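Here's the letter readout for the chains.
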Amino acid sequence: MRYWHDCIAGETFNTDQITLSERDILEFAREFDPQPYHLDREAGDKSIFGGLCASGWQVCALMMRLLIDTFKSNDIALMGVQGVPSMRWKIPVFAGDSLSGDIDVATLEASSDRNDSGLMTCDVKVKNQKNEYVIALQASLYIAHGEQA
Amino acid sequence: MEKQEPQLSTQNRYIRSRWFDDIPVGEFHVFGSHTFSEKEIIEFGKKYAPEIYHTDPEAAFNTPHRGIVASGFHVAAIWMKLMVSYMERFADGVQDGRRNGAGVGVEDMIWFHPVRPGHTLTYTYEIIDKPDKVVRGRWGIIRSRNEAFNQYHERVFSFEIDILAERNPKLL
């Protein structure tokens, strides 16, 4: 297992890819974001997005899924998310899009509020199959100190 | 039991139908409350945040979280759910009831305290700025500060978000 003191600023990770179906988009939208352009093709076509598209929060949640899976396969002891200092939705995500992420470790700092973990701040970009960035964000993550703490 | 509807004054019937130009900085709304069940925390966790502290109540006791907690973006998605349902009640006045929607970005999103099964969060929304910017010829930006408080009155979640609102074409 890799703990906070084993992590290195400047390290980069590339996540796996997740493909989003129309059913996935509708399911999330019905529960959390039932706005016409996330539920109905015609309404999507007429909207600012130009088509039925995923809720921005579903894209964020999928980013988290990609990040968690990547940290797991790299044995990094992720203990949660402290915050997202900034995030931009750049272009919409449509049914059939395949998303993957580029994660750059920017800084590693002590955590003032949790003594079991340190903080890792990452720059995360999620792109679609055409290599267009759909969201870009910074994420401050708790990484466990492990046994030595 | 009948669902309780908020009182519709002439003013608040149109909350979601107003032009950007008619939305005042300083306006404050309580979107509503949501109680997180263990089942929904686990469901969201399995799909989007498969860590044992989101998905496995037994195993989660042996983590620093001491039990399962809701994923951060689950807490955020419930903000969206309550906002949509609140705004939909106040969407009279335009054909499709909507002059705003698309989110542009988020700043300073912080999760201060864990949200555990049974916790009830109340979400608030305050308009804090209208940056002087025209987006794609017809949209303005409404910046809001959003917070969620649990049943112990602790602030557990907070962020700022920029959302597009349509500008009155007569004023452009």
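Let me begin by describing the structure that accompanies this report. Predicted, not measured: the structure shown is a model, and the values here were computed from it.

1. Considering the overall build of chain B
Now for step 1: Each helix and strand in chain B was counted, giving four helices and five strands.
Now for step 2: For chain B, the succession of helices and strands along the chain, N to C, is β-α-α-α-α-β-β-β-β.
Now for step 3: By residue count, 32% of the 172 residues in chain B fall in the buried class.

2. Remarks on helix α1 (residues 22-32) of chain A
Now for step 1: Of all the residues in α1(A), the buried ones are A:Ile25, A:Phe28, A:Ala29 and A:Phe32. Down the axis of α1(A), the sector holding all buried residues measures 100 degrees, keeping them to one side. For α1(A), exposure combined with an orientation more than 90 degrees from the buried face picks out A:Arg23 and A:Arg30.
Now for step 2: Next to the buried residues of α1(A) lie α2 (36-39) and α4 (56-73) of chain A together with α4 (72-88) of chain B.

3. Description of the interface of chain A and chain B
Now for step 1: Of the residues lining the interface, 28 residues belong to chain A; the matching set on chain B comes to 25 residues.
Now for step 2: Taken together, the elements giving at least two residues each to the side of chain A that touches chain B come down to α4 and β2 (78-89) of chain A.
Now for step 3: At 11 residues, β2(A) tops the list of elements feeding residues into the side of chain A that touches chain B.
Now for step 4: Class assignment for the residues of the side of chain A that touches chain B results in 18 nonpolar, six polar and four charged.

4. Quick notes on the pairing of strand β4 (residues 117-127) of chain A
Residues and elements named next belong to chain A.
Now for step 1: Pairing geometry for strand β3 (residues 98-110) and β4, over 10 bridges, is antiparallel. Looking at β4, one finds that Glu109 is bridged to Leu119.
Now for step 2: Hairpin connection of β3 to β4: six residues between the antiparallel strands.
Now for step 3: In terms of strand pairing, β4 meets strand β5 (residues 133-144) through 11 bridges, oriented antiparallel. What sits directly across from Ser117, in β5, is Ala144.
Now for step 4: Connecting β4 to the next strand, β5, in antiparallel fashion are five residues, including Asn131 with a positive phi near 65 degrees.

5. Structural notes on the nonpolar core
Soluble globular proteins tend to bury their nonpolar side chains together.
Now for step 1: The biggest cluster of nonpolar side chains holds 76 residues, and the ones touching the most others in it are A:Val59, A:Cys60, A:Met63, A:Met64, A:Ile135 and A:Ile143.
Now for step 2: With 11 residues, α4(A) is the largest single contributor of residues to this core.
Now for step 3: Those residues within four positions of A:Met64 in sequence are excluded, and the remaining contacts are B:Tyr48, B:Ala49, B:Ser71 and B:Phe73.
Now for step 4: Core analysis: the next-biggest nonpolar cluster, separate from the first, contains five residues, B:Phe20, B:Trp139, B:Leu164 and B:Ala165 among them.

6. Quick look at the environment of A:Glu109
Residue and element names in this part refer to chain A.
Now for step 1: Here Glu109 lies in strand β3.
Now for step 2: Considering only alpha carbons, one finds Glu109 and His5, 104 residues apart in sequence, at a separation of 10.0 Å.
Now for step 3: The residues touching Glu109, leaving out its near neighbours within four places in the chain, are Gly118 and Leu119.

7. Notes on unusual backbone geometry
Now for step 1: In this structure, A:Asn131 is a non-glycine residue whose phi angle is positive, near 65 degrees.
Now for step 2: Summarising the element assignment, A:Asn131 is placed in the loop between β4 and β5.
Now for step 3: Since 7 C-beta atoms lie within 10 Å of it, A:Asn131 is described here as exposed.
Now for step 4: For B:Asp108, which is not glycine, the phi torsion reads 55 degrees and is therefore positive.
Now for step 5: Within the secondary structure layout, B:Asp108 lies in strand β2 (residues 100-111).

8. A word on the environment of B:Asp132
Now for step 1: Relative to the helices and strands, B:Asp132 is located in the loop between β3 (120-129) and β4 (139-149).
Now for step 2: Taking the C-alpha atoms as reference points, B:Asp132 and B:Ile142, 10 residues apart in sequence, are found 10.0 Å from one another.

Rules used throughout
- Residues numbered from 1 in each chain as written.
- Chains lettered and ligands numbered in written order.
- Predicted model: local features only at pLDDT ≥ 70, side-chain atom pairs only at ≥ 80, totals over all residues.
- Helix = DSSP H or I, 4+ residues; strand = E, 2+ residues; numbered from the N terminus.
- Buried ≥ 20, exposed ≤ 12 C-beta atoms within 10 Å, placed from the backbone.
- Arc of directions from axis to C-beta.
- Contact = placed C-beta atoms within 7 Å.
- Nonpolar A, V, L, I, M, F, W, Y, C, P; charged D, E, K, R; others polar.
- Pairing = 2+ DSSP bridges.
- Core = buried A, V, L, I, M, F, W, Y, C linked by C-beta atoms within 7 Å.

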